[in-house]
Amino acid sequence: MFSYLIDIFLIGVVAALINNFVLYYFVGICPFVGVSRKISTAFGMGCAVIFVISIAALISWTITTFVLMPGAPLTRWVAAHFMTPEAAAGVDLTILSYIVYIFAIASSVQFVEMYVRKFFPPLYKALGVYLPLITTNCAILFACLIIMSKIVGVDNPADAWDLGRGLTLAVGGGIGFTIAIVIMAGIREELDLCDVPKPFQGAAITLIVAGILAMGFMGFTGVDSGLRKAMMPAPAVAAQAQTAPAADGTGANQ
Amino acid sequence: MNWVTISLSAATLFGMAVVISYILGWASKAFYVKVDPRIEAIIEALPGANCGGCGFVGCADYAEGVVLSGAAVNRCPVGGAACAASVAAIMGIEVDESYPQRPIVHCGAHYEDRKGRTPYFGEMTCQAANMVAGVQACTYGCLGFGDCTRACKYDAIHVIDGLATVDYDKCIGCGACGSVCPRNIITITPFKKSRILAVGCSNKDAGREVMAVCEVGCIGCKACAKKSELFKIEDNLPTIDYEHWDAECTLDVMEACEKCPRNRLIFVGEPSPADIAATKDKPLPEVVEADFKTTVDDTEWRG
């Protein structure tokens, strides 16, 4: 149980900071460049992404587990009842992943838009055009695909991600996107007052800044293994204390 | 890939399509929001420039404002009278007479007319230069760094010889230039005629101080006010009463223009036929570029 909580925490931290969707994988660049002009709209966009990415992760985890993955229960049941038992053994619909995820994302965005419009009109107004824009945000699809790779490709079925891990990855990724886009918006608000050389104006300087920002986020590399070591229960600490040089005392307090 | 996979894929997609379309169909009824059909009709009728010239965020916001909060139907500067008429038809009301809104630059000092300019090495924007004391001696006049030029989406305002100059052929009256000018010398004025009289100065100081800083600035001598009642002097500057402007007083006004020792009563707007005839043989410049003679140093500062 404890190690599961550590796992969840680390998945969240890794998705938000270390393997930040925007600054590590460079997905979701178009809203990152397009909507990062003002901090307020950037924050709204970030919140919308967190919201949609969680719903998309929920749906894609469910569909992958029950329909798409090799030997998925629902597909198997259909094959066994309407086809031959031999057919049921070999079901694998992972080729459908992209189309199914896009289908699910687009329709959930549509649904969320209608829901927000009815019950939260101010929020709907604030999000405006960004909510439908998220439909084509590759960061969302990317999160779905990561979750799929953690369910389908694993050797040991016990290592396959459960819904909690998938949702944590999605929420962490959404928070990471929000952090990145808000930082970027802050920089660009300052950048408006700067005398940027003509060839670099506009999108060019924005992408350069994004690159520098990405290098800054490289500084988080390795934080996850450090955290894991720090949080592991006693035996791991004891084992580490033996290997660490005792004299300087830096390793002992981890 | 065998027939099992193919049929299962087809069944999966079909099943998803059925489930999702059912949910979305239910949601679109359950979460239906009533929108006034007039709002959509007005959005259709508006030009869709989203310039913000009406004072609303965009065309959709203005349409909402017209229907819900009774905003005037003739506020769209891009669409003009035709657009106002169609919006009024949708709303079922009479349209008031409307005038095109155009900017007037209340400064007439070109580069050589300004006294007491000092070298300025900061950001090449009016916004920044305005924060620095002593860039130029006149604290009211045009700084000439072209914030208005950059704000204009329609290429209608340029800094010519250090002074912002409006190209009234291209201007649509969105008011972007007026809102960025840090010295507020650009006002958006309803043009009752294609050419209207304006006061080309913003300096509120007394005559002696104006003379010390500008070759052409208004010295508040009240010569115009003596000639015509349309002019009132406030804060050492004449104001023009456009409401009572008519053909009868034109003679007085022309006399006042001639009397003005600094020639600060200027006609702005589209050029008169006489002006066009006078310049029709002159070649047009290909590009009118902002001219940063406003610093002594020729090298542009790059930070």
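Everything quoted here is computed from the prediction, not taken from an experiment.

1. Some words on the UniProt feature "transmembrane region" (unreviewed entry) in chain A
All names here are of chain A. UniProt annotation of "transmembrane region" (unreviewed entry) refers to residues 6–27, 39–63, 95–116, 128–148, 168–187 and 199–223 when read in the numbering used here. Secondary structure content for residues 39–63 is 100% helix and 0% strand, while the C-alpha to C-alpha distance between its ends is 35 Å. Span residues 95–116 is 91% helix and 0% strand, its end C-alpha atoms 33 Å apart.

2. Re the UniProt feature "transmembrane region" (unreviewed entry) in chain B
In the numbering used here, UniProt assigns the "transmembrane region" (unreviewed entry) feature to residues 6–24 of chain B. Structurally, residues 6–24 of chain B comprises 100% helix and 0% strand, and the distance from its first C-alpha atom to its last is 27 Å.

3. Digging into the interface of chain A and chain B
Contact residues are listed per partner, giving 28 residues for chain A and 27 residues for chain B. Taken as a group, A:Phe103, A:Met114 and A:Asp195 account for 26% of the area that chain A buries against chain B, more than any other trio of residues on that side. Scanning the region where chain A abuts chain B turns up two residue pairs in polar contact (both at pLDDT 80 or more). Mapped by element, the contributors of at least two residues to the side of chain A that touches chain B are α4 (39–68), α5 (73–82) and α7 (97–119) of chain A. Among the elements that take part in the side of chain A that touches chain B, α7(A) stands out by supplying twelve residues, more than any other. Here the side of chain A that touches chain B is composed, by residue class, of 20 nonpolar, three polar and five charged.

4. Some points on the nonpolar core
Core analysis: the biggest nonpolar cluster contains 71 residues, and A:Phe21, A:Leu23, A:Phe32, A:Leu68, A:Tyr101, A:Ile134 and A:Ile140 have the highest contact counts within it. The leading source of residues in this core is α4(A), at twelve residues. Among residues more than four places away in sequence, those in contact with A:Phe32 are A:Val22, A:Leu23, A:Ala180, A:Ile181, A:Met184 and A:Ala210. Ranked by size, the runner-up nonpolar core spans 26 residues in total, among them B:Ala109, B:Cys152, B:Cys171 and B:Ala198.

Calculation criteria
Residues numbered from 1 in each chain as written. Chains lettered and ligands numbered in written order. Predicted model: local features only at pLDDT ≥ 70, side-chain atom pairs only at ≥ 80, totals over all residues. Heavy atoms only, no water. UniProt positions renumbered as here; feature names shortened; annotations may be inferred. Helix = DSSP H or I, 4+ residues; strand = E, 2+ residues; numbered from the N terminus. Contact = heavy atoms within 4.5 Å. Buried area = accessible area lost by both parts, 1.4 Å probe. Polar contact = N/O pair within 3.5 Å; in protein donor to acceptor, adjacent residues only side chain to side chain. Nonpolar A, V, L, I, M, F, W, Y, C, P; charged D, E, K, R; others polar. Core = buried A, V, L, I, M, F, W, Y, C linked by side-chain atoms within 4.5 Å. Buried < 20%, exposed > 50% of the residue type's maximum accessible area, 1.4 Å probe, protein only.

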